[in-house]
Amino acid sequence: MKYRENVAAILRNPRGEILICERLGMPGAWQFPQGGVDRGETWEEALLRELREEIGVQPKHIRIVESKGPYYYLFGNGRTKKGYHGKEQLYFLAVFLGSDSHIDVNTKHPEFQAFRWVAPSDFEIGWLPEMKQAVYRRVFNDFFGLKI
């Protein structure tokens, strides 16, 4: 199996809530910002680029606390995307130092239509496609000690 390197961002505000974003054109599909690692990029560089590209968040507005992984998932049904069977993800937990005005889902190439903050315990696994659910279960257990 061939996996594309990918980063995902768990941004946490001072109230302990985490940022989730609703996929463009997919009402009710909420997830963390994520994206591929480009050739020559470090995992952290990819994270900072993806946050800028997907939600307009600048590096000065986050402080990385820790990272965990890799986590793997397949696209399912033998599908491939750009020659890959799935993703190898490194998750980053970061403190969000900005305000909501520093988050903008209306980017040059939008992937999300909305964002909101939720307590980790309020995240619902049904917001995700089935292929991502096992990874999110592990991530929530690893970062927050929660079973979702």
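Cut-off values and rules
Residues numbered from 1 in each chain as written. Predicted model: local features only at pLDDT ≥ 70, side-chain atom pairs only at ≥ 80, totals over all residues. Heavy atoms only, no water. Core = buried A, V, L, I, M, F, W, Y, C linked by side-chain atoms within 4.5 Å. Buried < 20%, exposed > 50% of the residue type's maximum accessible area, 1.4 Å probe, protein only. Helix = DSSP H or I, 4+ residues; strand = E, 2+ residues; numbered from the N terminus. Contact = heavy atoms within 4.5 Å. Pairing = 2+ DSSP bridges.

### Some details on the nonpolar core
Note that soluble globular proteins tend to have their nonpolar side chains buried in a common cluster. Counting 21 residues, the largest nonpolar core has Ile10, Phe32, Tyr91 and Tyr136 as the members making the most contacts within it. When residues of this core are assigned to their parent elements, the largest contribution, 5 residues, is made by helix α2 (residues 130-144). Apart from the residues lying within four places of it in its own chain, the contact partners of Ile10 are Ile18, Phe32, Tyr91, Phe92, Leu93, Ala94, Val139, Phe143 and Phe144.

### What about the pairing of strand β6 (residues 86-96)?
For β6, a buried count of 11 out of 11 residues is recorded, marking the element as mostly surrounded by other parts of the structure. When strand β1 (residues 3-12) meets β6, the two strands line up parallel, connected through 10 bridges. Each bridged residue has a counterpart across the sheet, and for Glu5 the counterpart in β6 is Glu88. The sheet contact formed by strand β5 (residues 62-74) and β6 spans 10 bridges and is antiparallel. Note on β6: the bridge partner recorded for Lys68 is Tyr91.

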